[in-house]
Amino acid sequence: MAGIDPLDGDFFHFADELTDDEQKVVARVREFLRTEVAPVALQHWTSSEFPHQLIPGFAALDIAALPYDGLHGPAARRLLVGFVSMEIAHADPSLNSFFGIHNGLAMGSIDICGSDEQRERWLPAMARMEQIGAFGLTEPHGGSDVARGLETTARRDGDEWVLDGEKRWIGNGTFADLVVIWARDVADDSVKGFVVAQDNPGMTTTKIENKIALRTVQNADIVLSGCRVPEADRLQRATSFADTNKVLRRTRGGVAWGSTGTMMAAYEIALRYAKERQQFGRPIAGFQLVQDLLVQMLGNITASLGMAVRLAKMQDADTARDEHAALAKAFTTTKMRETVALAREVVGGNGVLLDYGVAKFFADAEALYSFEGTKQINTLVVGRAITGHSAFV
Ligand SMILES: Cc1cc2nc3c(=O)[nH]c(=O)nc-3n(C[C@H](O)[C@H](O)[C@H](O)COP(=O)(O)OP(=O)(O)OC[C@H]3O[C@@H](n4cnc5c(N)ncnc54)[C@H](O)[C@@H]3O)c2cc1C
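Keep in mind that this is a model prediction, so the values were computed, not measured.

Novice: Please clarify how the packing of helix H3 (residues 78–91) against helix H7 (residues 241–276) should be interpreted in this entry.
Specialist: Axes are the key here: two packed helices are described by the angle between their axes and the distance separating the axes. Running from amino to carboxyl end, H3 crosses H7 at an angle of 40°, the nearest separation of the two axes being 7 Å. Between H3 and H7, the angle is such that the two are oblique. As for the relative orientation of H3 and H7, their crossing is right-handed in sense. The segment H3 lies against H7, with Arg78, Leu79, Gly82, Phe83, Ser85, Met86, Ala89 and His90 engaging Arg250, Gly254, Trp257, Gly258, Thr260, Gly261, Thr262, Met264, Ala265 and Glu268. Broken down by class, the residue content of the contact of H3 with H7 amounts to 7 nonpolar, 8 polar and 3 charged.

Novice: Before we go on, may I ask you to explain the site of the ligand in this structure?
Specialist: By nearness alone, 18 residues border the ligand, and Phe135, Thr138, Ser144, Thr374 and Gln376 come closest of all. Between a nitrogen atom of the ligand and a main-chain N or O atom of Trp169, the distance comes to 3.0 Å. Between the ligand and Thr374 there is a distance of 2.6 Å, counted from an oxygen atom to a side-chain nitrogen or oxygen. Considered on its own, the ligand offers 980 Å² of accessible surface; in the complex 66% of this is hidden by protein. Those elements that provide at least two residues to the shell around the ligand are strand E3 (160–171), helix H10 (358–370) and helix H11 (375–387). Looking at the shell around the ligand, its residues break down into 9 nonpolar, 8 polar and 1 charged.

Novice: Before we go on, may I ask you to explain the nonpolar core in this structure?
Specialist: Note that soluble globular proteins tend to have their nonpolar side chains buried in a common cluster. Formed by 103 residues in total, the largest nonpolar core has its most connected members in Phe58, Ile63 and Phe83. Among the elements that take part in this core, H7 stands out by supplying 15 residues, more than any other. Apart from residues no more than four positions distant in its own chain, Ile63 is found in contact with Val25, Val29, Phe58, Val84, Ile88, Phe99 and Asn103. Core analysis: the next-biggest nonpolar cluster, separate from the first, contains 17 residues, Ala154, Val179, Phe194 and Leu224 among them.

Novice: Help me out: how do you make sense of a nonpolar patch on the surface in this one?
Specialist: The grouping of Val352, Leu353 and Tyr356 at the surface amounts to a nonpolar patch, some 270 Å² of accessible area in total. In this structure, Leu353 sits in the loop between helix H9 (322–346) and H10. For Leu353, a relative accessible area of 37% puts it in the partly exposed group.

Novice: When you look at helix H1 (residues 20–47) in this model, what are you seeing that I'm missing?
Specialist: Two residues of an α-helix separated by three or four positions point the same way, owing to the 3.6 residues in each turn. For H1, with 28 residues, the first-to-last C-alpha span of 39 Å sits near the 40 Å given by 1.5 Å per residue. At Val37, H1 shows its maximal bend, which comes to roughly 50°, and the proline Pro39 appears one to four places after that position.

Novice: Where do I start with the packing of aromatic side chains in this structure?
Specialist: To describe a pair of aromatic rings, one takes the distance between the centres and the angle between the planes. In this structure the tally under the stated criterion is 11 aromatic pairs. Plain terms: the ring middles of Phe58 and Phe98 are 6.1 Å apart, the flat faces sit at 70° to each other, and that makes the pair edge-to-face. On the criterion of sequence distance, the pair formed by Phe58 in helix H2 (residues 55–61) and Phe98 in helix H4 (residues 93–113) is long-range, its members being 40 residues apart. Taking relative accessible area as the criterion, Phe58 reaches 2% and is therefore assigned buried. Since its relative accessible area comes to 1%, Phe98 is described here as buried. Ring pairs connect the aromatic residues Phe32, Phe50, Phe58, Phe98, Phe99 and Phe175, which therefore count as one cluster. Its end group placed over the ring of Trp169, Arg168 keeps NZ or CZ at 5.2 Å from the ring centre. Between Arg337 and the ring centre of Tyr369, over which it is positioned, the NZ or CZ distance is 4.2 Å.

Novice: Sorry if this is basic, but what is going on with H10 here?
Specialist: Burial analysis of H10 places 10 of its 13 residues in the buried class, the great majority of the element. Tucked into the core, H10 has its buried residues touching H1, H3, H4, H7, H9 and H11. Just downstream of H10 lies Glu372, where phi reads positive at about 60°.

Basis of the calculations
Residues numbered from 1 in each chain as written. Predicted model: local features only at pLDDT ≥ 70, side-chain atom pairs only at ≥ 80, totals over all residues. Heavy atoms only, no water. Axes fitted to C-alpha atoms, helices over the stretch in contact; angles between N-to-C directions. Helix = DSSP H or I, 4+ residues; strand = E, 2+ residues; numbered from the N terminus. Parallel < 35°, antiparallel > 145°, perpendicular 65-115°, else oblique. Left-handed = near helix turned anticlockwise from the far one by under 90°. Contact = heavy atoms within 4.5 Å. Nonpolar A, V, L, I, M, F, W, Y, C, P; charged D, E, K, R; others polar. Near = heavy atom within 4 Å. Polar contact = N/O pair within 3.5 Å; in protein donor to acceptor, adjacent residues only side chain to side chain. Areas by Shrake-Rupley, 256 points an atom, 1.4 Å probe, with all protein chains shown as cover. Core = buried A, V, L, I, M, F, W, Y, C linked by side-chain atoms within 4.5 Å. Buried < 20%, exposed > 50% of the residue type's maximum accessible area, 1.4 Å probe, protein only. Patch = residues over 30% accessible without salt bridge, like charges linked within 9 Å, V, L, I, M, F, W, Y side chains within 5 Å. Salt bridge = Lys/Arg side-chain N within 4 Å of Asp/Glu carboxyl O. Expected span 1.5 Å × (residues − 1). Bend = angle between axes of the 7 residues up to and from the residue. Phe/Tyr/Trp six-rings, centres within 6.5 Å; stacked < 30°, edge-to-face > 60°. Lys NZ or Arg CZ within 6 Å of the ring centre and 35° of its normal.

What follows is the structure, given as structure tokens:
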């Protein structure tokens, strides 16, 4: 075995499921995260400025091509893609979200919904991270019900389309070279996808300030006003919201890995702290009630990682359905939210200080819990599948 040490939170050594070569990829990513990302993560989180200087280092890891067939040979197993994502989140959930939006949502939209020509035109440069992507679905009035309530319009005008509307919360939106915009065709009411260049004069982006979670991620309010996009930049294989959903099905599984990495990091901080912090003349780790909290966290992590691993295998076998990804997203994010709160509790008063590490994970968990479909929405997806009754409205 090439051997990466399993993270302390990987109690059942799920990392052993990776091949030697896959472990080498994870080891390379971990080294970069520990030397380049960890030292600056908090500083960027507090200033809410994106660390653009890290992009070349990310690019050199050559991980953005992994999920995609034909960019660097065959696609990697989802298991490897998942472990890479878990490692990034373990170092910094904000950077994992940046990477997930670029690599999963934006590149995934082009991979799933683009023509062969469009895949060849955009994906190689995005895989090299020379061009960064964003994914514009959510709107000011359309969050959970965006499938039904999408208000941004697309009107065909000769060889061009004219987009009008507003998008909200779009991660990487302020600086991404390419923004995938989902809009409703006024002619037939269907949802279509468009790749809009950042310098398109019809698109303006404004950074959303004052977030309490994932502060390093640059979320944007976007206004599209008479935004002209050539027909050649309409994603040719996106003909309805069902196609948008194919992208989300893939990325919701990704959030399960990010959540697991987030809670694992919080647990490991709490465990270290509990062994060092003395009260009543001994380490707090020696108290039964503290051990109960730590073991509860470890159980949450192990169950979540087990579910993520199994989902990845089902995705590779093409047997994963929407409801599998939805359950993984809903379950792991719920367990993450509980776990980071328990970790914060173990660290006591210091747990509310950013300096002790756990507070950032505690705060970041809130965004993971709500994006890519809230707990309620993913629960309704699973509920519909197991009962045959839709309870959405
Ligand atoms: C940090 C961050 C990054 C994001 N990045 C992106 C991005 O890159 N691209 C993008 O397109 N979007 C992005 N989003 C948007 C995200 O996907 C939405 O916030 C999410 O889908 C929820 O929508 P909403 O915020 O409008 O909440 P709402 O839909 O208004 O929901 C509010 C509450 O009502 C509940 N609710 C709604 N409907 C029902 C129902 N039928 N039954 C029960 N409960 C219900 C919800 O579960 C939730 O608790 C991001 C969000 C955040 C916070």
